[in-house]
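A closer look at the structure
As a plain string of letters, each chain reads:
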Amino acid sequence: MRAIEPGKAQQATGLYAAAADCLATADPQAKCAKTRAYAAAFFAGALRAEPDAPPPAPIRFPGRPERPRLVHPKFLPKRGLGSPAGRAAFLHAVAHIELNAVDLAWDAVYRFRDFPSEVASEFAADFVRTADDEARHFGLLSRRMAELGHAYGDFDAHNGLWEMAEKTAHSALARMALVPRVLEARGLDVTPGLIERLRDVGDADSIAVLEVILREEVAHVAAGSRWFRWLCERDGLKPWPTFAGLVRAHASRAVQGPFNWDARRRAGFDEDEIAAISRGELAPATG
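Cut-off values and rules
- Residues numbered from 1 in each chain as written.
- Predicted model: local features only at pLDDT ≥ 70, side-chain atom pairs only at ≥ 80, totals over all residues.
- Heavy atoms only, no water.
- Helix = DSSP H or I, 4+ residues; strand = E, 2+ residues; numbered from the N terminus.
- Rg over C-alpha atoms; globule rule 2.2 N^0.38 Å.
- Contact = heavy atoms within 4.5 Å.
- Areas by Shrake-Rupley, 256 points an atom, 1.4 Å probe, with all protein chains shown as cover.
- Lys, Arg positive; Asp, Glu negative; His and termini not counted.
- Charge placed at Lys NZ, Arg CZ, Asp CG, Glu CD.
- Axes fitted to C-alpha atoms, helices over the stretch in contact; angles between N-to-C directions.
- Parallel < 35°, antiparallel > 145°, perpendicular 65-115°, else oblique.
- Left-handed = near helix turned anticlockwise from the far one by under 90°.
- Nonpolar A, V, L, I, M, F, W, Y, C, P; charged D, E, K, R; others polar.
- Phe/Tyr/Trp six-rings, centres within 6.5 Å; stacked < 30°, edge-to-face > 60°.
- Buried < 20%, exposed > 50% of the residue type's maximum accessible area, 1.4 Å probe, protein only.
- Lys NZ or Arg CZ within 6 Å of the ring centre and 35° of its normal.
- Salt bridge = Lys/Arg side-chain N within 4 Å of Asp/Glu carboxyl O.

Considering the overall build of the chain
If you tally the helices and strands in the chain, you get 10 helices and zero strands. Secondary structure elements in the chain, listed N-terminal to C-terminal, are α-α-α-α-α-α-α-α-α-α. In terms of overall size, the chain behaves like a compact globule, its C-alpha atoms giving a radius of gyration of 19 Å where 287 residues would be expected to give roughly 19 Å. Taking all contacts inside the chain whose residues are at least 6 apart in sequence as the whole, residues at least 24 apart take part in 82%. For the chain, the computed accessible surface area is about 13,500 Å², with 55% contributed by carbon and sulfur atoms. Charge-centre separation for the chain: the mean point of 37 positive side chains lies 4 Å from the mean point of 38 negative side chains.

Below you can see the structure in the form of structure tokens.
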């Protein structure tokens, strides 16, 4: 997959151009600064979708710095949280997820435009807001890593989130099902346990960052749930069989316990879905 060409230096004047600019920007700090500025402009009414914009280009790898090196997840070392370096490595993994989430949100804005005019602005607003939150989260994590003597790029990372973006670039329905409702929802499940591990080593500053992220990620998954159901209704599909089919085909290993049911309820999972997941209906096939 070819990388997106570097973004132009001038300020984008339309929403899709802004999304493309953020996607193309390689420097993480610049990407997040642009994201926050464009989001502020959008919510102030100064940045609107361009009615004459060209259709979205085929998905490409977004702008990224030379580091971190991207490797297969099995090659990422397991690190304890007992040392500052171990905690920095853990926060680096979270920061990498948040940076990918900035690009995922902008790609949703840029790529998925097939909505009636009365709801198109709502869809864009949900994912511009998500991009803005994720950029702020990356900043919080970067500052905490710096306090621990490290920076983004100091540790290896993997590319699983963007690989799912590529797999779902053809379908807003698949994207909403598999990114917010599977990959991002996994963060709701595992973060409380990670907070407890940090509490065991007395790292209150890192806990404070993760608590902000956990609280705000609920809304991001909820946006995915809302638009997944909207798209199912538009296309005459039943949500649970559609969701289950997509997960079994592409991401069943990402839906494993323990589960944070309270957060998942607040993020739009209904009781029938929770019961089905509890029964293991999305678990990977064995044998």
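Observations regarding the packing of helix α2 (residues 28-43) against helix α3 (residues 84-111)
Where α2 contacts α3, the axes come no closer than 11 Å and their chain directions differ by 45 degrees. Taken together, the axis directions place α2 and α3 in an arrangement best described as oblique. For the element pair α2 and α3, the recorded crossing hand is left-handed. Of α3, the residues touching α2 (which contributes Pro28, Lys31, Cys32, Thr35 and Tyr38) are Leu99, Val102, Asp103 and Trp106. For the contact of α2 with α3, the class distribution of residues is six nonpolar, one polar and two charged.

So, the packing of aromatic side chains
For the coordinates displayed, the defined rule picks out 12 aromatic pairs. Measuring from centroid to centroid gives 5.3 Å for Phe138 and Tyr152, while their planes differ by 80 degrees, and the two rings are edge-to-face. Linking Phe138 in helix α4 (residues 117-147) with Tyr152 in the loop between α4 and α5 (160-167), this pair joins segments that are 14 residues apart in sequence. Here the two residues Phe138 and Tyr152 agree in accessibility, since each one is buried. In this structure an aromatic cluster arises from ring pairing among Phe115, Phe123, Phe127, Trp227 and Trp230. Against the face of Phe61 rests Arg64, its NZ or CZ located 5.9 Å from the ring centre. Sitting above the plane of the Phe269 ring, Arg264 keeps its charged end 4.9 Å from the centroid.

Looking at the pattern of salt bridges
Per the counting criterion, the structure on display carries 28 salt bridges. The shortest N-O distance in the salt bridge between Asp126 and Arg226 comes to 2.8 Å. On the criterion of sequence distance, the pair formed by Asp126 in helix α4 and Arg226 in helix α7 (residues 204-235) is long-range, its members being 100 residues apart. Note on Asp126: relative accessible area 12%, which makes it buried. When salt bridges that share partners are traced, they join Arg87, Arg144, Glu147, Asp203 and Asp205 into one network.

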